[in-house]
Every structure is written in C-alpha cells, then in structure tokens.
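Observations on the three-dimensional arrangement
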Amino acid sequence: MPDRRLVMSWSYRGAAALGGPPSRVRIELRPLGPDTTEMSLTHAQIDAPETADLYGTVWSICLDRLRWSTDPAVEEGEVFSALGAISTLYGEPHRALQDAFETRDLANRLRSLSVTCAMSPTQQRFIAERDMVFLTTIDHCGYPTCSYKGGAPGFVRVLDAQTLALPSYNGNGMYLTAGNLSANPKVGLLFVDFERPHRLRIHGTARLVRSGAELGAHPGAEFLIRIAIAEIFVNCPRYIHRYRRIGTSRFVPGEDRAGEVPAWKRIDAFRDAVPPRDRAALAASGAPPLTIDAYRRLLDAGET
C-alpha cells in the first residue's frame, strides 16, 4: 500500500486576541486499509479556556473528516485547508426535521460542499461591495436580537480570510448589540444583494475594539466589532425580492450630513436625557427642539 498521507495545517487567528500568536493545529490523516485511518493531531500548549474550546472544535472537524480512501487523490504534502463541513452545524433538532422531510443526505452534502471557516476571494469581494448587513446577537434573557447595520459600500472590512471588522456608528444609545456581545460573543451575519439576488451567511465570535489604529481606520465609528469567522456559507437566493438601490444614506461617513445628531434626539421628551456630547452638538447646530408630531412628519418625508 502506498505510504500516503494528508497533512492539514490551520491557523486560528482569533487566538491572537488572547495576547499570543495565532494558534496552529497540525492534523495528519493516513490510510491504513479499506476501513482504517490513522489520525494524529499536534498543537501548541493549551493555556487558556478559549484555547481549549478551539481545539475541541478542531477535534470535532477531524472526527467528521475520518472518511478516507486507500488511494487519496492528493500526493503527500502540505495542504492548507479551510476545514469546511464543521460537524457542529447541525444539532438534534435539525436532524429530526431533516429526517422528517427526508433531507438528511442533502443537508450533509450541502454542509460538506458549501460550509467553510474561511472566506473565498469571491466571498471577500462580495462583502467588500455591500453597504448593509443584518447582525444577530443573543441577549441576557436568551432572546435573539437582529439589527440592521448600514454604511458606505465596503464599510464592513475584510481583514483576512477569517476576520471581519464592522464599525458601529452613533445610534440610539441602547447598545443592544454591543452589550449582548460583551456577555456572549456569538454572532450571526446575513449579507444580501437585492439587485442581483445573492446572500451570504456567517457565524462567528466577536470582540469590541474601542481604541487604537484599527478603530482610526473607520472615521465616525464609536467602536468596531471584530469578528472571527467560524462558519460561512451561501444560501439559495430564489426568494430574494429584487430592489433597486437609489443612493447612499446622507448620514454615513463621507456624506453631506455625516456626524449630524439624529433628529429623534431633538424631540423635547428626549433632549434632556441625551449624552453631553450630543447635547453640545445640538446646541452648536442651533437645531430647535421637536415635538413628537413634528418628528413624525420628518419620518414620513424620509428626512430622518
């Protein structure tokens, strides 16, 4: 039997956030017979709970990959793989419905062919062209919170194949998304192109960046949401309605009303409760207070 093996190396860049270099995992799969595969996994020292979680994920991927032929298509050598088809994508509730509707085989095929943990160049370009994203987090009561985030095209920046940076601009002061992420870093993102129907879904873990050069690269942002990708996959676009983009919001960085305090903060019921920075900006602008009815008229006219 030929002595062939497949070696996969994976750098998990999110580990750098722990204060050390990216963690590298080396996985070696070697066929020993028609039904036998030998696997070895080597890694750096496990010195933190987050690192242990990382290697737990890698082990689950390895176990999912233990289907091997006696004559691999690749020659012996180093293969840097995205390690797709993450085995934890489906849980028991998903499997129960897949079995009920006889789609388990299809779901497995979709997972193995379309789910990766790194963005392809095409996916990176798609994200770099988007001017909006829908972002989901989990709150302290376990409820999912879905938020629309918008900006100039490309406002979500691709830092590398496994990392995104999403700026957060001046909003309503509730900080639901950021607060949720401070307690639970799990996040879901949905990018949609409504003109040429296409959508891309991402699962990942996030951390807030509140200072430094990385934040400075996003003018007008209060902080960044830096996302380490765990899973990325395309969804069928057949039910996406077609809409034509008319223009960029006048309030995003680079536009004529960028940095303007939101009109709803001028409502007389809120003015005394807005933070000092907004109060000072309102005073400097000379913008008069608004009644709720006056604000509703602005809302109806699309001027907010």
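Just so it is clear, the model here is predicted, and its values are computed rather than measured.

1. Regarding the overall build of the protein
A count of helices and strands for the protein gives 8 helices and 11 strands. Buried residues in the protein amount to 36% of all 304 residues. Only carbon and sulfur atoms are counted for the fraction: they give 54% of the accessible area of the protein, which is about 17,900 Å².

2. Considering the pairing of strand β9 (residues 186-193)
Most of β9 is tucked away, with 6 of its 8 residues classed as buried. Strand direction decides the pairing type here: strand β5 (residues 132-138) and β9, joined by 3 bridges, are antiparallel. Bridge pairing in β9 links T136 to G188. One ladder, built from 8 bridges, connects β9 with strand β10 (residues 198-209); its direction is antiparallel. Bridging across to β10, L190 finds its partner in R201. Between the end of β9 and the start of β10, which pair antiparallel, lie 4 residues.

3. Thoughts on the nonpolar core
Of all hydrophobic cores here, the largest spans 22 residues; its most connected members are I127, V156, L164, L189, F191, I202 and I225. Among the elements of the structure, α4 (121-129), β5, β8 (163-168), α5 (176-183), β9, β10 and β11 (223-235) are those that each provide at least two residues to this core. A per-element tally of this core places β11 first, with 5 residues. For I202, the residues in contact, after removing those within four places along its chain, are I127, L164, V187, G188, L189, F191, I229, E231 and I232.

4. Focus on the confidence of the model for the protein
Chain-level statistics for the protein give a pLDDT mean of 81 and a share of 73% at 70 or above. pLDDT under 50 marks residues 12-20. Its contacts with residues more than four places away, or in other chains, come to 18 contacts. Overall, residues 67-87 carries pLDDT values under 50, and its contacts beyond four positions in sequence, including any with other chains, amount to 54 contacts.

5. Comments concerning the environment of L176
Within the element layout of this structure, L176 appears in helix α5. We classify L176 as partly exposed; its relative accessible area is 44%. For the pair L176 and I138, spaced 38 residues apart in the sequence, the C-alpha separation amounts to 9.4 Å.

6. Here's the deal with α5
Along α5, the residues classified as buried are T177, A178, N180 and L181. Buried residues along α5 cover an arc of 160° about the axis, so they all sit on one side. What points out from α5, more than 90 degrees from its buried face, is the exposed set S182 and A183. Of the surrounding secondary structure, the elements contacted by the buried residues of α5 are β5, β6 (144-150), β9, β10 and β11.

7. Points about the side chain of T137
Structurally, the position occupied by T137 is in strand β5. Separated by 2.8 Å, the side chains of T137 and N180 make a polar contact. In contact with T137, not counting residues within four places along its chain, are Y143, P144, T145, T177, N180, L181, K186 and V187.

Rules used throughout
Residues numbered from 1 in each chain as written. Predicted model: local features only at pLDDT ≥ 70, side-chain atom pairs only at ≥ 80, totals over all residues. Heavy atoms only, no water. Helix = DSSP H or I, 4+ residues; strand = E, 2+ residues; numbered from the N terminus. Buried < 20%, exposed > 50% of the residue type's maximum accessible area, 1.4 Å probe, protein only. Areas by Shrake-Rupley, 256 points an atom, 1.4 Å probe, with all protein chains shown as cover. Pairing = 2+ DSSP bridges. Core = buried A, V, L, I, M, F, W, Y, C linked by side-chain atoms within 4.5 Å. Contact = heavy atoms within 4.5 Å. pLDDT = per-residue confidence, 0-100. Arc of directions from axis to C-beta. Polar contact = N/O pair within 3.5 Å; in protein donor to acceptor, adjacent residues only side chain to side chain.

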